[in-house]
Structures are given as C-alpha cells and as structure tokens.
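# Understanding the architecture of this molecule
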Amino acid sequence: MSKGTVVLAYSGGLDTSCILAWLKNDGYDVIAFMADVGQDEDFEAAREKAVKLGAKKVYIEDLRREFVEDFIWPSVQANAVYEDRYLLGTSIARPCIGRKLVEIARKEGAEYVSHGATGKGNDQVRFELTCYALYPEVKIIAPWRIPAFFNRFQGRSDLMAYAEQNGIPISITPRAPWSMDANLMHISYESGILENPRSHAPVDLYLMTRDPKDAPSTPEVLEIEFKNGVPIKVVNQKENVSKETPLDILLYLNEIGGKHGVGRIDIVENRFVGMKSRGIYETPGGTILLQAHLDIETFTMDKEVRRIKQGLGIKFSELVYNGFWYSPECNFVRHCISKSQEDVEGKVQLSVYRGQVYILGRESVKSLYNAELVSMDVQGDYDPGDASGFIRIHAVRLREHHRLQGLSSGKQ
C-alpha cells in the first residue's frame, strides 16, 4: 500500500535520480517536477529517465518568463546584493521553483514534497520556507537530513553503486570536481576542489563568461531604458540590435556580458545556517543591469528617499538569501521598494569592455538634475551667501563635541 504521493523537485542528476528511486522503493508514489529556469539541460531526456525510474507523472515547467518578471526584476529594483558582492542568482530562483512545486502538489493532492538539497546548505531552508508559507499543511521529505539516507550514501561512490543496482542511468561524461547551479541569472560553483579558499579557480571552470583578457578589443556600447525601475528596452548602438521583452533583454545582456567577461566573482560568504562557504559566480547580465540601474536611480530619486531605500535593499537581499521571500516582512519591503521606483525611468548609455561596465551618460524626463542650479558658470536660483548659515548650523554640534572633550583649542 502506498505511503502517499510526493512531488519531488527533480534535476535529472545523480542525487535526485537516486532520491526518486529511494522514495519509490520506500513505498511512495512519486511525481517528478523539473523547472526550466534557463539552465542548459536536455529536459526530454530527463523526463524519460524519470519515467524509467518509476515516476507516476513528470512535470517539466518553463518558468523562465516568470522567473525574470516576478523575481529577477524586483531584485534589480532593489539593487539586491548580499554581503556587498553576491547578486543572489540561486537565492532568487528558489522561491520561483518552490512556488511551482507547491502549485503542482496542491493540484495533484500530494501530501508530501521532497528535494535534494543538502543538510548543510541554504537551499533546504529556501525550499522549505517557501513550501510551508504557501502550503502550510504540507509534509516535507528531506533525504539528506534522514539518517537512514545520509548514513547509507556517504559519498558519490555510494550513490553510483545504488544507481547501478536500481538501473539508474549514469552519465559517462566525466564529472567536474565541483558542484554547479545554473539559471538565467547566473552560474554558481562550489564544493569539491573549491572548498580550499586559497585554491585558484581552474581556467576551464567558467561556462558563462569569457576570460576578460581574451575578450574583444572593441567595447560594446549599449543603451538601456528603464521604467518603474525595470529595464524595458536595450539597444546595441553599434550593431543596431534592439530587445524589448524581459526574457530577451536578460538573455541579450548575458550574451554581451559573457562575451566581455563581465560579472565574475570569487567570494567567501556567510550561509544562513551559520558556516562560511566559498562560492564562485558568473552573473554577466545582472552585473550590467545593476550598474545601469544604480545610475538611473541616483539620477531620478530624491536623496533622502534613496537613503532609506538603500537600507531596504540590504534588508531585501538578506531576506531573499535566507529564504524569506514569502514572509510578511519581505512582502512589505518589496512593496516599499516598488513604490520608490515609480519615477525611476530614463535611458543609460554604457560600454561593456574586458570585464568592466563603464557608464557613459544618462537622460530622463524625471531627472532631478538641474544643470543651471549646479553650474559653476551660472548663479541661478541660489544665493551662495546662504551657505554660511548652513555651515554654521552644522558646525554647532561639532563645536560642542570638541568643547566638551576639551579639544576646542587643541591641534587635530
């Protein structure tokens, strides 16, 4: 008798293929769900493999458009960066995938969902918080936290032996000595030989970007148009190429950024579960968008509003990294950030060249830049004498501080 129906977040790789077989052998009816978020994958081959392994049903869902519009674009509006460097490519994909996982589980009347995330990483938190938020009564099977599973499979060789015993096809392609996660936003690399933080990344590791020293000697000149803080058009001004749909915009910026080696970082970050990990990331299109959005936002947004919004962007990044996309606080922060973007519109011209993004110019009907007011050649509607009182008022606090410290007449 079946223990119930479980929807498995399935990748087609060795781990989740073994998990599918293990769940079936343990008495569950398994529905495999595979999300297309832009990774390079043979989805039909993965479907056939899941069916052969005994999946009751297989869902392969194209989530690329909603991934860009519902998850990547809000991150662009937020200038989302975790710990000053990581552009959150994996973090923002998980709530997108998890939302569809829950949708399928509800549609199929499944009592359980399952995933292949490890017990040491962030993804277990991201997937499960999403599932509990959107399907509160769901039960989660996390094999890599079940002693019967992780004691049996202590390494890749144990998984391969199980695969052979259960007729699970094993790729004959040599496996890279690191793990990788790819989607429209980025590719991440970690574990294996990369766990030594002193080890330099092998030159053949990068798949999304060219080495900047091998990039073209001629820069690419782009114009990116924004409205409500999101890109609505990109034009290559030299090649007269234009892209206007969200998916096409990101794909094209990935292509240009990748060709010029933009968006590579090698960092040690703080995982939510309490340990530090080393990660290498390629985010070409996202890096271009971050620089362009920062520029048009500063050009069009009030100084004090932007100061508050910067803090909200940091909070948003932490919430997303830690898996709280569907929390009430993250919903509130996203709403505030979206409100801040109402006047963030205009065009930014930039060049992409050998690993760097260079801002060339910008224009906007919503600009707060007043050329006459700021000009050194025209006085305009500004009395320089007013600055004297402005400076004296701000000096009151400094004078009092140093007086109380007995330093008012001392050398500093």
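Residues numbered from 1 in each chain as written. Predicted model: local features only at pLDDT ≥ 70, side-chain atom pairs only at ≥ 80, totals over all residues. Heavy atoms only, no water.

## Regarding the sheet that holds strand E8 (residues 220-227)
- The strand order across the open sheet formed by 5 strands is E10-E9-E8-E13-E14, and the pairing between neighbours is antiparallel. In this open sheet, the two strands that pair with only one neighbour each are strand E10 (241-243) and strand E14 (356-363). Strand after strand, the sheet turns through a mean of 25° between neighbouring axes, direction not considered.
- Examined bridge by bridge, E8 and strand E13 (residues 346-353) share 7 bridges and lie antiparallel to one another. Along E13, the bridge assignment pairs Phe226 with Gly346. (Pairing = 2+ DSSP bridges. Helix = DSSP H or I, 4+ residues; strand = E, 2+ residues; numbered from the N terminus. Axes fitted to C-alpha atoms, helices over the stretch in contact; angles between N-to-C directions.)

## Describing the sheet that holds strand E3 (residues 57-62)
- Taken together, the 5 strands give an open sheet; going across it, the order is E3-E2-E1-E4-E5, and neighbouring strands pair in parallel fashion. The sheet is open, and its two borders are formed by E3 and strand E5 (139-141), each paired with just one other strand. The sheet shows a mean angle of 25° between the axes of neighbouring strands, direction not considered.
- As paired elements, strand E4 (residues 112-114) and E5 share 3 bridges and run parallel to each other. Within E5, the position partnered with Val113 by the bridge is Ile140.

## What to know about the environment of Trp22
- One can find Trp22 in helix H1 (residues 14-25).
- Between the C-alpha atom of Trp22 and that of Ala163, which follows or precedes it by 141 residues, the distance is 10.0 Å.
- Once residues lying within four places of it in the same chain are set aside, the contact partners of Trp22 are Pro143, Ile146, Phe149, Phe153 and Tyr162. (Contact = heavy atoms within 4.5 Å.)

## A few points about the environment of Glu239
- Here Glu239 is to be found in the loop between strand E9 (230-236) and E10.
- Taking C-alpha positions, Glu239 is 9.6 Å from Leu222, a pair spaced 17 residues apart along the chain.

## Observations concerning the packing of aromatic side chains
- A complete count under the given rule lists 13 aromatic pairs for this structure.
- A ring pair is formed by Trp22 and Phe149, whose centres lie 5.0 Å apart and whose planes are at 80°; its orientation type is edge-to-face. In this pair, Trp22 sits in helix H1 while Phe149 sits in helix H6 (residues 147-150), placing the two residues 127 residues apart along the sequence. Of the two residues examined, Trp22 and Phe149, each falls in the buried class.
- An angle of 85° between the planes, with centres 6.1 Å apart, marks the rings of Tyr86 and Tyr321 as edge-to-face. Of this pair, Tyr86 sits in the loop between helix H3 (64-78) and helix H4 (89-108) while Tyr321 sits in helix H10 (residues 303-322), and the two are 235 residues apart along the sequence. (Phe/Tyr/Trp six-rings, centres within 6.5 Å; stacked < 30°, edge-to-face > 60°. Buried < 20%, exposed > 50% of the residue type's maximum accessible area, 1.4 Å probe, protein only.)

## Concerning the packing of H4 against helix H5 (residues 123-134)
- It is the contact of H4 with H5, at a shortest axis distance of 9 Å, that shows an interaxial angle of 40°. Relative to H5, H4 is oriented oblique. Crossing angle aside, the handedness with which H4 passes H5 is right-handed. Seen from H4, the contacting residues are Thr90, Ser91, Arg94, Pro95, Ile97, Gly98, Arg99, Leu101, Val102 and Arg106; seen from H5, they are Asp123, Arg126, Phe127, Thr130, Cys131 and Leu134.
- Its residues placed into classes, the contact of H4 with H5 shows 7 nonpolar, 4 polar and 5 charged. (Parallel < 35°, antiparallel > 145°, perpendicular 65-115°, else oblique. Left-handed = near helix turned anticlockwise from the far one by under 90°. Nonpolar A, V, L, I, M, F, W, Y, C, P; charged D, E, K, R; others polar.)

So, to be careful, I would describe these as geometric facts and stop short of saying anything about function.
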